Amino acid sequence: MTTMTSPPQTTTSQIPEAMLERFRERADAHDRDNTYFHSDLEELRAIGYLASDVPVHHGGWGLSLAELGRSQRRLARYAPATALATTMHLYWTGMAGDLERFGDDSAAWIMDAAVNGEIFASGHAEAGNDLPILFSTCAAERVDGGYRLTGRKMFGSNGPVWDWLGGHAMTVDGGGPQIVHFFLARGSEGVTVLENWDTLGMRASQSYDTVLDGAFVPDERIGRVVPAGDDSDLFLAATQMWALPTIANVYLGIAERALEVAVAWAKRKTSIGIDRGSYAHNPFVQHQVAEMYLELDAATAVLDRLVDDWMTGVDHGAAWGAKIFAMKWRVVESAKKVVDTALDVTGGAGMIRGNELERLYRDVRCGGFHPANDALAHEMIGKTALGIGAEPPRW
């Protein structure tokens, strides 16, 4: 996997605090009513946040991967589903910027589209495929001027509003199986977006399914065509590096907010059996809060170190994939533990509908469903540690 050697400039742009407070005020209603965060999106669009990781010379804020991660982590403390869904847009613009920094401007149009307010969605999730991006159940047929796609994509965040679906499909045209990485316009013939999102958590993300029935993608909107099972191309490497750490930052932000809520609750909650008053003086509550802090501290270090390694060009060679999956697994598992412990601290009030922790508990559960899930992460990490990598057959 290729690594970055020339990190972009830093910037001080950020989402205003007052705006974030409005997002938090709306988050509960969006969750309860299972509705998309249209108002949040328009406010973010108005300040240029949809192009926050686009380089300044393209009209964006110029946030680096590390800066975007911290910003999305902060956003998740106020509105987790808004943070997750915007991540599914922003990782495409970040990937395009990385390609340009390596001298490949083939995805520059993505950055320009984002500056103009267009929205991207992720079209990688599929039923019957536990190796996303590397293989696909969606078929790509080579035709004059492009490809026709047939299949079904799941979990497409920003379902009501996306303009472009960035995804992948598999073709056997021209030899062995190849993966076609595409960007499909929403209005293309043969595209049906299904409003079928009603889930445990991240409800405001409105991550619809998309059915492709011979949908045409022209050659100029094909990002890459690579051998099936091969993730060595920079297009894929940059996509993974902008997607998974930024997704992980969303769940880290949820955990940070859970700790904040639990600490505030412990300071307010009293018991007739505690002479000093609040639960903050209960030694076991102190232990629980310390456990939350320790989980967050370790997870943050793992995540920030991985991003720093990418930005500074550390050469992990074939171990990059395992390191990315290990980071995402560690952060999500730590986030779940922190939120679980926060509920222990607050007690039964935390499970009542309308309590922010109840929603955070459901939202953080979604982290395990992003690639790589628990099984795939352990498989890939174990194979890398054993030195057998992706040798066929898989089992």
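Residues numbered from 1 in each chain as written. Predicted model: local features only at pLDDT ≥ 70, side-chain atom pairs only at ≥ 80, totals over all residues. Heavy atoms only, no water.

**Quick word on the overall build of the protein chain**
Thinking step 1. Helix and strand counts for the protein chain come out as 10 helices and 8 strands.
Thinking step 2. Since a compact globule built from 395 residues should have a radius of gyration of about 21 Å, the 21 Å found for the protein chain is in line with a globular shape.
Thinking step 3. In terms of overall dimensions, the protein chain has a C-alpha envelope of 80 × 50 × 40 Å along the principal axes.
Thinking step 4. Looking at the protein chain as a whole, 53% of its 395 residues qualify as buried.
Thinking step 5. When contacts within the protein chain are restricted to residue pairs at least 6 apart in sequence, long-range pairs at least 24 apart make up 73% of them.
Thinking step 6. For the protein chain, the exposed area adds up to about 16,400 Å²; of that, 54% sits on carbon and sulfur atoms.
Thinking step 7. Computed over 35 positive and 52 negative side-chain charges, the separation of the two mean positions in the protein chain equals 7 Å. (Helix = DSSP H or I, 4+ residues; strand = E, 2+ residues; numbered from the N terminus. Rg over C-alpha atoms; globule rule 2.2 N^0.38 Å. Buried < 20%, exposed > 50% of the residue type's maximum accessible area, 1.4 Å probe, protein only. Contact = heavy atoms within 4.5 Å. Areas by Shrake-Rupley, 256 points an atom, 1.4 Å probe, with all protein chains shown as cover. Lys, Arg positive; Asp, Glu negative; His and termini not counted. Charge placed at Lys NZ, Arg CZ, Asp CG, Glu CD.)

**A look at helix H1 (residues 17-33)**
Thinking step 1. With 17 residues, H1 should reach 24 Å at 1.5 Å per residue; the first-to-last C-alpha distance of 25 Å fits that figure.
Thinking step 2. At Arg 26, H1 is deflected by roughly 35°, the largest bend along its length.
Thinking step 3. Among all positions of H1, only Met 19, Leu 20, Phe 23, Arg 24, Ala 27, His 30 and Asp 31 are buried.
Thinking step 4. Just downstream of H1 lies Asn 34, where phi reads positive at about 60°. (Expected span 1.5 Å × (residues − 1). Bend = angle between axes of the 7 residues up to and from the residue.)

**Remarks on the environment of Tyr 147**
Thinking step 1. Take Tyr 147: it is sitting in strand E3 (residues 146-156).
Thinking step 2. For Tyr 147, a relative accessible area of 9% corresponds to the buried category.
Thinking step 3. In this structure the C-alpha to C-alpha distance between Tyr 147 and Phe 216, which are 69 residues apart in sequence, comes to 5.7 Å.
Thinking step 4. Excluding residues within four positions of it along the chain, Tyr 147 makes contact with Ala 140, Glu 141, Arg 142, Thr 171, Val 180, Ala 215, Phe 216, Val 217, Asp 219, Ile 222 and Val 225.

**Overview of the side chain of His 181**
Thinking step 1. Along the chain, the position of His 181 falls in strand E5 (residues 178-185).
Thinking step 2. Beyond its immediate chain neighbours, meaning those up to four positions away, His 181 contacts Ile 133, Gly 167, His 168, Arg 221, Ile 222, Gly 223, Arg 224, Val 226, Phe 235 and Leu 236.

**Quick word on the nonpolar core**
Thinking step 1. Grouped together as the largest cluster of nonpolar side chains are 116 residues, with contacts concentrated most on Ile 110, Leu 149, Phe 183 and Tyr 251.
Thinking step 2. When residues in this core are grouped by element, the largest group, 21 residues, is from helix H6 (residues 234-268). (Core = buried A, V, L, I, M, F, W, Y, C linked by side-chain atoms within 4.5 Å.)

**Observations concerning the pairing of E5**
Thinking step 1. Counted residue by residue, E5 has 6 buried out of 8 residues, so it is predominantly covered.
Thinking step 2. In the sheet, strand E4 (residues 164-171) pairs with E5 via 8 bridges, with the strands oriented antiparallel. By the bridge assignment, Met 170 is partnered in E5 with Ile 179.
Thinking step 3. Hairpin connection between E4 and E5: a loop of 6 residues separates the two successive antiparallel strands, and Gly 174 in this loop has a positive phi of roughly 80°.
Thinking step 4. Looking at chain direction, E5 and strand E8 (residues 222-227) are connected through 5 bridges and run antiparallel. From the neighbouring strand, His 181 faces E8, where its bridge partner is Arg 224. (Pairing = 2+ DSSP bridges.)

**Re unusual backbone geometry**
Thinking step 1. Note the cis peptide between Pro 371 and Ala 372, where omega equals -5°.
Thinking step 2. Phi at Asn 34 is positive, roughly 60°, even though this residue is not glycine.
Thinking step 3. The residue Asn 34 is located in the loop between H1 and helix H2 (38-46) in this model.

**Focus on the packing of aromatic side chains**
Thinking step 1. Applying the stated criterion across every chain, the model contains 12 aromatic pairs.
Thinking step 2. Ring geometry for Trp 109 against Phe 120: centres 5.8 Å apart, planes inclined by 50°, an arrangement best described as tilted. In this pair, Trp 109 is assigned in helix H5 (residues 108-115) and Phe 120 in strand E1 (residues 120-123), connecting sequence segments 11 residues apart.
Thinking step 3. Looking at Trp 109, the relative accessible area reads 16%, which means it is buried.
Thinking step 4. In textbook terms, an aromatic cluster arises when at least three aromatic residues are bridged by ring pairs, as seen for Tyr 91, Trp 92, Trp 109, Phe 120, Trp 164, Phe 183 and Phe 235.
Thinking step 5. Over the aromatic face of Trp 162 sits the side chain of Arg 186, whose NZ or CZ is 4.8 Å from the ring centroid. (Phe/Tyr/Trp six-rings, centres within 6.5 Å; stacked < 30°, edge-to-face > 60°. Lys NZ or Arg CZ within 6 Å of the ring centre and 35° of its normal.)

**Some remarks on the packing of H6 against helix H9 (residues 356-365)**
Thinking step 1. Following both chains from N to C, one finds H6 and H9 inclined at 155°, their axes separated by 10 Å at the closest point. On the basis of their axis angle, the class for H6 and H9 is roughly antiparallel. In this structure, the crossing between H6 and H9 has a hand that is left-handed. Between H6 and H9, the residues in contact are Tyr 251, Ile 254, Arg 257, Ala 258 and Val 261 and Glu 356, Leu 357, Leu 360, Asp 363 and Val 364, respectively. (Axes fitted to C-alpha atoms, helices over the stretch in contact; angles between N-to-C directions. Parallel < 35°, antiparallel > 145°, perpendicular 65-115°, else oblique. Left-handed = near helix turned anticlockwise from the far one by under 90°.)

**Describing the environment of Glu 17**
Thinking step 1. In this fold, Glu 17 is placed in helix H1.
Thinking step 2. Residue contacts for Glu 17: discarding those within four places in its chain leaves Arg 74 and Tyr 78.

**A few points about helix H10 (residues 374-386)**
Thinking step 1. Along its 13 residues, H10 runs 18 Å from first to last C-alpha, staying within 8% of the 18 Å computed at 1.5 Å per residue.
Thinking step 2. Those residues of H10 that fall on the buried side of the exposure criterion are Leu 376, Ala 377, Glu 379, Met 380 and Lys 383. The buried side chains of H10 occupy one side of the element, clustering within an arc of 165° when seen end-on. Across H10 from its buried face, at more than 90 degrees, point the exposed residues Ala 375, Ala 385 and Leu 386.
Thinking step 3. If you follow the buried residues of H10, they end up packed against helix H8 (320-346).
Thinking step 4. A positive phi of about 80° marks Gly 387, the residue just after H10. (Arc of directions from axis to C-beta.)

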